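A structural walkthrough
Here is how the chains run, residue by residue.
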Amino acid sequence: MPSKNHAEAPPAPEPLRVPVADSHTHLDMQSGTVEEALAAAAAVGVTTLIQVGCDLKGSRWAAETAAAHADVHAAVALHPNEAPRVVMGDPDGWSRQGARVPGGEAALDEQLAEIDALAALEQVKAVGETGLDHFRTGDEGRAAQERSFRAHVEIAKRHGKALVIHDREAHADVLRILREEGAPERTVFHCYSGDAGMAEICAREGYYMSFAGNVTFKNAGNLRDAVAVAPAELLLVETDAPFLTPAPWRGRPNAPYLIPVTVRAMAEVRGMPEEALCEAIAANTARAFGY
């Protein structure tokens, strides 16, 4: 039985026999050092990590960390919920940066210019996470969010980098903007949250679908349906750590070393051998992020 201590890290799962990558993690939000996280992940067959930035500070850190560690690649962006805070301010300091005053469109342009500069770096393999979040950002912030999303799409295409999508309760609008702007050649739906029908749309467009630990949750039948129908060549796996810890450890801290739990759940849904799924995921992640 899982411990009731929600601060306690879950035990390490049985190692994968074929190594895979964690396509989306936030090491800067996890406890311990980068070296400890990499060692724990490698011990269970998770040998490559994509470190994802959500704001300027986090994106700079992602680029620096990827430069220092061969097994880490960076993605840089302003998170969909960050863009409205830059423009409109964040009086509550919800985003861990303290209270912020409105910066207006000029502040957003300045920050996008720095994301553009970071995206040019060799160790930065993707622009993201960007997209739309209709759950946390209200109507008043959606114009800034959409403008930021469109800018990130342009940056990714100009630099030939992958685009990492955050799509929360915004499926139709995300797909619409990708059609209007023209999606980059390599586009990843991080923490895929659609159903089987949306998975078929993503498959037609060649979008990668990355599944996180919530695919193991009891109420996530829509995600398991999507795993079942998504083409094997478009499947990725991620932790989104420290969030979305897979069952039975939901509520405990997540980290890249827990990837095997999610991989095995996906393999069971698809009725395919674990090793075959790992081989596909490893190849897909390298192809999606260009490493």
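You'll find the structure just up there.
The paragraphs below set out a description of the structure included in this document. Computed from a predicted structure; not experimentally measured.

Attention now goes to the overall build of the chain. Summing up its helical and strand segments, the chain has 10 helices and 8 strands in all. For 291 residues, the compact-globule estimate of 2.2 N^0.38 gives 19 Å, and the chain sits close to it at 18 Å. When its C-alpha atoms are laid out on the principal axes, the chain stretches across 50 × 40 × 35 Å. Split into buried and exposed, the 291 residues of the chain put 55% on the buried side. A sequence separation of at least 24 residues applies to 72% of the contacts in the chain between residues at least 6 apart. About 12,000 Å² of surface is accessible on the chain, with carbon and sulfur atoms providing 53% of the total.

Glancing now at the pattern of salt bridges. Summed over the entire model, instances satisfying the criterion amount to 18 salt bridges. D116 is the salt-bridge partner of R158, the closest N and O atoms lying 2.9 Å from each other. You can see R158 sitting in helix α5 (residues 142–159) and its partner D116 sitting in helix α4 (residues 104–119), a full 42 residues away along the chain. Where R176 meets E180, a salt bridge forms, and the shortest distance between an N and an O atom there is 3.3 Å. Of this pair, R176 and E180 both sit in helix α6 (residues 171–181), 4 residues apart, roughly one helical turn. Residue E180 is classed as partly exposed on the basis of its relative accessible area, which comes to 47%. Three or more residues joined by partner-sharing salt bridges are found here, namely E146, R150, D173, R176, E180 and E181.

Attention now goes to the environment of G160. For G160, the location among the structural elements is in the loop between α5 and β5 (162–168). For the pair formed by G160 and A120, sequence separation is 40 residues and the distance between their alpha carbons is 9.1 Å.

Bringing the packing of α5 against α6 into the picture now. For the pair α5 and α6, the least separation of the axes is 11 Å and the interaxial angle reads 45°. When the axes of α5 and α6 are compared, the pair comes out oblique. As for how α5 packs across α6, the hand of that crossing is right-handed. Between α5 and α6, the residues in contact are E146, F149, R150, V153 and K157 and V174, R176, I177, L178, E180 and E181, respectively.

A few words now on the packing of aromatic side chains. Within this structure, the stated rule accounts for 2 aromatic pairs. Consider the rings of F189 and Y207, whose centres lie 5.7 Å apart with planes at 35°: the pair is tilted. Of this pair, F189 sits in strand β6 (residues 187–189) while Y207 sits in the loop between α7 (196–205) and β7 (208–211); the two residues are 18 residues apart in sequence, bridging distant segments of the chain. Judged by centre distance (5.2 Å) and plane angle (50°), the rings of Y192 and F211 are tilted. Note that Y192 is positioned in the loop between β6 and α7 and F211 in strand β7, a separation of 19 residues in sequence. You can call Y192 buried: its relative accessible area is 2%. Between R168 and the ring centre of F135, over which it is positioned, the NZ or CZ distance is 3.6 Å.

Our focus in this paragraph is the state of the cysteines. Across all of its chains, the model carries 0 disulfides by this definition. For the unlinked cysteine C278, the closest cysteine sulfur is that of C191, found at 19 Å.

Before going further, it helps to examine helix α10 (residues 274–289). With 16 residues, α10 should reach 22 Å at 1.5 Å per residue; the first-to-last C-alpha distance of 22 Å fits that figure. Turning to α10, its buried residues number three or more, namely E274, L277, C278, A280, I281, N284, T285, A288 and F289. Considered in projection along α10, the buried side chains sweep an arc of 165° and stay on one side of the axis. Positive phi shows up at G290, right after α10, with a value of about 70°.

Turning to the sheet that holds β5, a few remarks are in order. Strand order across the open sheet formed by 8 strands is β1-β2-β3-β4-β5-β6-β7-β8, with parallel pairing between neighbours. Looking along the sheet, the strands with just one partner apiece sit at the ends: β1 (20–25) and β8 (235–237). On average, each strand axis in the sheet is tilted by 30° relative to the strand beside it, whichever way the strands run. Relative to β7, β6 runs parallel, the two sharing 2 bridges.

The rules behind each value
- Numbers given for residues are sequential positions, taken from 1 along each chain in its written order.
- Given that the model is predicted, a residue must reach a pLDDT of at least 70 before its local features are reported, and side-chain atom pairs must reach 80 or more before they are shown or counted; all residues, however, enter totals for whole chains, interfaces and linings.
- Side-chain figures throughout are based on the complete set of non-hydrogen atoms in the structure, without hydrogens or water.
- Strands are runs of DSSP state E lasting at least 2 residues, helices are runs of H or I lasting at least 4, and numbering of each runs from the N terminus.
- Restricting the calculation to C-alpha atoms gives the radius of gyration, and the globule rule supplies 2.2 Å times the number of residues raised to the power 0.38.
- The cut-offs for exposure are 20% and 50% of the maximum accessible area for each residue type, with area from a 1.4 Å probe on protein chains only; residues under the lower value are buried, those over the upper are exposed, and the others partly exposed.
- Should any heavy atoms of two residues lie within 4.5 Å, those residues are considered in contact.
- Here the open area of atoms and residues is found with the Shrake-Rupley method and a 1.4 Å probe, where only the protein chains shown may cover a residue.
- In what follows, salt bridge is the name for a side-chain nitrogen of Lys or Arg lying within 4 Å of a carboxyl oxygen of Asp or Glu.
- Where helices are involved, their axes are fitted lines through C-alpha atoms of the stretch in contact, as for all axes, and angles between N-to-C directions lie from 0 to 180°.
- Note that the term roughly parallel is reserved for angles under 35 degrees, roughly antiparallel for angles over 145, roughly perpendicular for angles of 65 to 115, and oblique for everything else.
- Handedness of a helix crossing follows the sense of rotation of the near helix relative to the far helix, less than a right angle counterclockwise being left-handed and clockwise being right-handed.
- Note on aromatic contacts: the rings of Phe and Tyr and the six-membered ring of Trp form a pair at centre separations within 6.5 Å, being stacked when their planes are under 30 degrees apart, edge-to-face when over 60 apart, and tilted otherwise.
- By definition, being over a ring means that NZ of Lys or CZ of Arg is both within 6 Å of the ring centre and within 35 degrees of the ring normal.
- Note on disulfides: each one is a pair of cysteine sulfur atoms within 2.5 Å.
- Any helix carries an expected span of 1.5 Å times its number of residues minus one.
- Throughout, the arc means that of the directions going from the helix axis to the C-beta atoms.
- A pair of strands is labelled paired if DSSP reports no fewer than 2 bridges between them.

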